[in-house]
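The chain contents come next:
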Amino acid sequence: MWRDLAPIGRDKDSGGYRRLAWTGADADCRAWFRTQAEARGLAYEVDRNGNQWAWLGDPAAGDAVVTGSHLDSVPDGGAFDGPLGVVSSFAALDELRGRGARPSRPLAIVNFGDEEGARFGLACVGSRLTAGQLTIEAAHALRDAEGISLAQAMERAGHDPEAIGPDPARLARIGAFVELHVEQGRALADTDHAVGIASAIWPHGRWRFDFHGEANHAGTTRIEDRRDPMLTYANTVLAARKKARLAGALATFGKVSVEPNGVNAIPSLVRGWLDSRAADQETLDLVVAEIEKAAVERGERDGIDVRITRESFTPVIEFEHALRDELARILGEGGGSVPVLGTGAGHDAGILSGAVPTAMLFVRNPTGVSHSPAETASEDDCLAGVTALADVLEGLACR
């Protein structure tokens, strides 16, 4: 499975993956998912929001145990973020069948659409729509860098954008969702454990900073006469790093657009996107407020109009303790303990947690690198993740 999936959407120059939602590479990944489902005799379906499902047992019976993740990527992302969870889900089902396990509850594998938000700027679109955390109107308003709307992209890919929306009936049939994911960090790297259990997802959000200045000639405009928004933006980037470091939080300006974007032109507008995360809400609020203050104060000095818009936000998510404890019990039956760790990364499991009992497993990442072609996990650790997921599915669905 890994060999079949590996070439899809891979850039030959960077070595990274460009599996953006509702593109050709995404379609190829979705075709791969359907092939895997049908090869195992699973009932395949696509829900109203474009998420793919593969069912063992009757979905209408309810109390289903669901696993899976996503197949899309950030620009030039790694091979493991998302796909490891989907591949491991199919492999865990194969392991269960090899053991002769007989599920007493329906089992399903899911591929959630547009988890990364790399194309339209909002993460977890498929699961947000399903959970009612994204309105139809807001979804239709999403646009990519070329001005193509989410609705247009979905329609071009053969999906009806008018059908999207909350799906409470589907969620009501799910008794538990367990997502396996490569660890995005190094908490497990220096331990003897290949697999860990998630405790919570840090609160996090995305903010757009618009720095409005005055376009002018780079070669004739005196320094003292300039209203250069790039200067204010650069100072804000440095301030974000400092404020986050002092608070023990995270703040990143990872995306920027410039107008008119000419080498010999002072910009009229610099637009930067801030991603910020922290272990608790109070710290996150404080850090973002200080970054905003730094931007505005510097803007006043530089003659720049600064406008800030919060584009998305997810509060702290504590995974259901009962399900988390059950995973720890199942995986610790051999007498060992399993590390429990928090994460600063958002996931579909976090989005669904408000409506469905959810939990996560992390597979050790020796470098801690993620959202990069350098993202990796050893084959032994990946196989340990498959075994752990199979144990969990057997413990939850075959009782």
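Scroll up to find the structure this text is about.
Source: prediction; values computed, not measured.

Once that is clear, we can look at the environment of Thr220. Along the chain, the position of Thr220 falls in the loop between β8 (216-217) and α8 (229-247). Distance in space between the C-alpha atoms of Thr220 and Asn264 is 9.9 Å, their sequence separation being 44 residues.

What follows deals with the packing of aromatic side chains. The tally for this structure, following the rule as stated, stands at eleven aromatic pairs. Each ring, one from Phe209 and one from Phe211, has its centre 6.1 Å from the other, and the planes form 20°; the classification is stacked. When the ring centre of Trp273 is taken as reference, the NZ or CZ atom of Lys255 above it lies at 4.5 Å.

Counting 48 residues, the largest nonpolar core has Trp32, Phe33, Phe90, Leu327, Leu361 and Leu396 as its most contacted members. When residues of this core are traced back to their parent elements, those giving at least two are α2 (24-39), α3 (83-99), β4 (107-112), β5 (174-182), β6 (195-201), α10 (321-331), β15 (358-363) and α12 (379-397). Ranked by residue count, the leading element in this core is α12, at nine residues. If we skip the residues at most four places from it in the chain, Phe90 touches Met1, Trp32, Phe33, Gln36, Ala37, Arg40, Leu42 and Ile109. Ala64, Ala108, Leu171 and Ala349 belong to the second largest nonpolar core, which has 21 residues in total.

A few words now on the pairing of strand β2 (residues 52-56). Every other side chain in a regular strand lies on the same face of the sheet, so the side chains alternate between the two faces. In terms of residue burial, β2 counts as a mostly covered element, since four of its five residues are buried. Judged from the four bridges that link them, strand β1 (residues 43-46) and β2 form a sheet pairing that is antiparallel. From the neighbouring strand, Glu45 faces β2, where its bridge partner is Trp53. Once β1 ends, the chain turns through five residues before running back antiparallel as β2, passing Gly50 with a positive phi of about 85°. With five bridges joining them, β2 and β4 adopt antiparallel strand pairing. Counted as the bridge partner of Trp55 is Ala108 from β4.

The next thing to look at is the pairing of strand β3 (residues 64-70). For β3, the tally of buried residues reaches seven of seven residues, placing the bulk of the element in the interior. Burial of the side chains of β3 extends over both faces: Ala64, Val66, Gly68 and His70 are buried on one face and Val65, Thr67 and Ser69 on the other. Bridge analysis of β3 against β5 gives four bridges, and the strand direction is parallel. Opposite Ala64, over in β5, you have Ile174 as the bridge partner. Pairing between β3 and β4: six bridges, direction parallel. Paired with Gly68 across the strands is Val110, a residue of β4.

As for its placement among the helices and strands, Gln133 is situated in the loop between α4 (125-131) and α5 (136-141). Accessibility expressed as a relative area gives 42% for Gln133, which makes it partly exposed. Setting aside anything within four residues of it in sequence, one finds Gln133 in contact with Arg128 and Ile351. From its side chain, Gln133 meets the backbone oxygen of Ile351 in a polar contact 3.0 Å long.

Procedures and definitions
All residue numbers refer to positions counted from 1 along the written sequence of the respective chain. With pLDDT at 70 or above as the cut-off, local features in this predicted model cover only qualifying residues; side-chain atom pairs require 80 or more to be listed or tallied, and sums for whole chains, interfaces and linings still use all residues. Calculated side-chain values reflect all of the structure's heavy atoms, with hydrogen atoms and water omitted. Secondary structure is summarised from DSSP: a helix means a run of H or I of at least four residues, a strand means a run of E of at least two, and numbering begins at the N terminus for each. The aromatic pairing rule takes the rings of Phe, Tyr and Trp, using the six-membered ring of Trp, and pairs them if the centres are within 6.5 Å, calling planes under 30 degrees apart stacked, those over 60 edge-to-face and the rest tilted. Criterion for a charge above a ring: Lys NZ or Arg CZ within 6 Å of the ring centre, and within 35 degrees of the ring normal. By convention a nonpolar core is built from buried Ala, Val, Leu, Ile, Met, Phe, Trp, Tyr and Cys residues, the set being connected through side-chain atoms within 4.5 Å. Burial here depends on accessible area, computed with a 1.4 Å probe over protein chains only, as a share of the maximum for the residue type. Under 20% is buried, over 50% is exposed, and the range in between is partly exposed. Contacts are assigned to residue pairs that have any heavy atoms within 4.5 Å of one another. Any two strands with at least two DSSP-identified bridges between them are counted as paired. Nitrogen and oxygen atoms within 3.5 Å of one another constitute a polar contact, given that in protein one can donate a hydrogen and the other can accept it, and given that sequence-neighbouring residues count only through two side-chain atoms.

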